[in-house]
Amino acid sequence: MTTSERERPLRIAYSPCPNDTFVFDALAHGRVPDAPALDVTFADIDITNGMAERGESDVLKVSYAVLPYVLDSYALLPCGGALGRGCGPLVLTRAAAGTDGPADGPVGGAALAGRTVAVPSERSTAYLLFRLWAAEQVPGGVGEIVVMPFHEIMPAVRDGKVDAGLVIHEARFTYRDYGLHKLADMGEHWEATTGLPIPLGAIIAKRSLGSGTLDRLAGSIRASVRAAWDDPEASRPYVMEHAQEMDPSVADQHIGLYVNEFTAELGEDGYAAVRGLLTRAAAEGLLPPLGPGALDFP
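Just so you know, these numbers come straight off a predicted model, no measurement behind them. (Residues numbered from 1 in each chain as written. Predicted model: local features only at pLDDT ≥ 70, side-chain atom pairs only at ≥ 80, totals over all residues. Heavy atoms only, no water.)

(A) Expanded view of the packing of helix α8 (residues 186-194) against helix α13 (residues 267-283). Closest axis-to-axis distance for the α8/α13 pair is 12 Å, and the angle between their directions is 95 degrees. The orientation of α8 relative to α13 falls into the category roughly perpendicular. Along its contact with α8, which presents H189, W190, T193 and T194, the element α13 presents A273, G276, L277 and R280. Looking at side-chain class alone, the contact of α8 with α13 contains three nonpolar, four polar and one charged residues. (Axes fitted to C-alpha atoms, helices over the stretch in contact; angles between N-to-C directions. Helix = DSSP H or I, 4+ residues; strand = E, 2+ residues; numbered from the N terminus. Parallel < 35°, antiparallel > 145°, perpendicular 65-115°, else oblique. Contact = heavy atoms within 4.5 Å. Nonpolar A, V, L, I, M, F, W, Y, C, P; charged D, E, K, R; others polar.)

Here it is as structure tokens:
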């Protein structure tokens, strides 16, 4: 790598969601001493997953489900991502008129048999968790899968364009506003069957940056997380600028749920959750198997 390549800002892509802007606020705005400069692009997770597969950025927030396809070129960073408990994707359907319950018909997973389901990405962790759940809970399997941006899913379910939707992020707090019913919680199913936290989004960086830059980047992300925790109000303008019309209280709930001890450091339980998800998915034929040491940080 040349001197000019080392000195240029690192190209990074993450979502405009409150957890990402909260985590990266101090780093993106030069408030972390000795941190690498960043050139930030905002993109939905389905876009960043594709960017990772094409090698289009130095650093990316991606779904854990995409890791087996990109770990030859990218390293998993041990911080900055989204794991946790009680924060899994939800399957939503329309509620019966005047109730919080589902419309008349089969209940539980049986309600999705042969039905059209909207999902945010076919390479997302949410979809992977959904497929593992559906294999056990939906007799005969679901019908058509429709990929759409996550913010369009709840209106599509409400308006009858699809039978159900797999939702992520702040939808956990707002789905009742759309007259929708929670059919199943993918996180509850994962935690009940594994006892592990739910791995959702990962931070990856190109291995070609070198171990020194990767270590420096990881340390800078940890420092940015701590800075946000120490002074949450400092990040609020950045968070709300990109959260668009989201209610500030919903943004705070979102951050509280998705930014936690695993964001600062994956740790033993975090790595166990990631290995568990990817190993189980590979055993079911849903993902390629990981190579030896694929998750090791340089």
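(B) How the structure looks around the pairing of strand β3 (residues 59-63). With five of five residues buried, β3 lies mostly within the body of the structure. Examined bridge by bridge, strand β1 (residues 10-14) and β3 share two bridges and lie parallel to one another. Within β3, the residue paired with I12 across the bridge is V59. Across five bridges, β3 lies against strand β11 (residues 198-206) in antiparallel orientation. Looking across to β11, one finds that K61 is bridged to I203. (Buried < 20%, exposed > 50% of the residue type's maximum accessible area, 1.4 Å probe, protein only. Pairing = 2+ DSSP bridges.)

(C) How the structure looks around the pattern of salt bridges. According to the stated counting rule, one finds 13 salt bridges in the structure shown. Its salt-bridge partner being D185, residue R172 comes within 3.1 Å of it at the nearest N-O pair. Of this pair, R172 sits in helix α7 (residues 171-174) while D185 is found in strand β10 (residues 180-185), placing the two residues 13 residues apart along the sequence. Taking relative accessible area as the criterion, R172 reaches 17% and is therefore assigned buried. Taking relative accessible area as the criterion, D185 reaches 7% and is therefore assigned buried. R236 is paired through a salt bridge with D252; the nearest N and O atoms lie 3.1 Å apart. On the criterion of sequence distance, the pair formed by R236 in helix α10 (residues 232-243) and D252 in helix α11 (residues 248-258) is long-range, its members being 16 residues apart. Classification of D252 by relative accessible area gives partly exposed; the value is 38%. The network of salt bridges with shared partners includes R8, R11 and D58. (Salt bridge = Lys/Arg side-chain N within 4 Å of Asp/Glu carboxyl O.)

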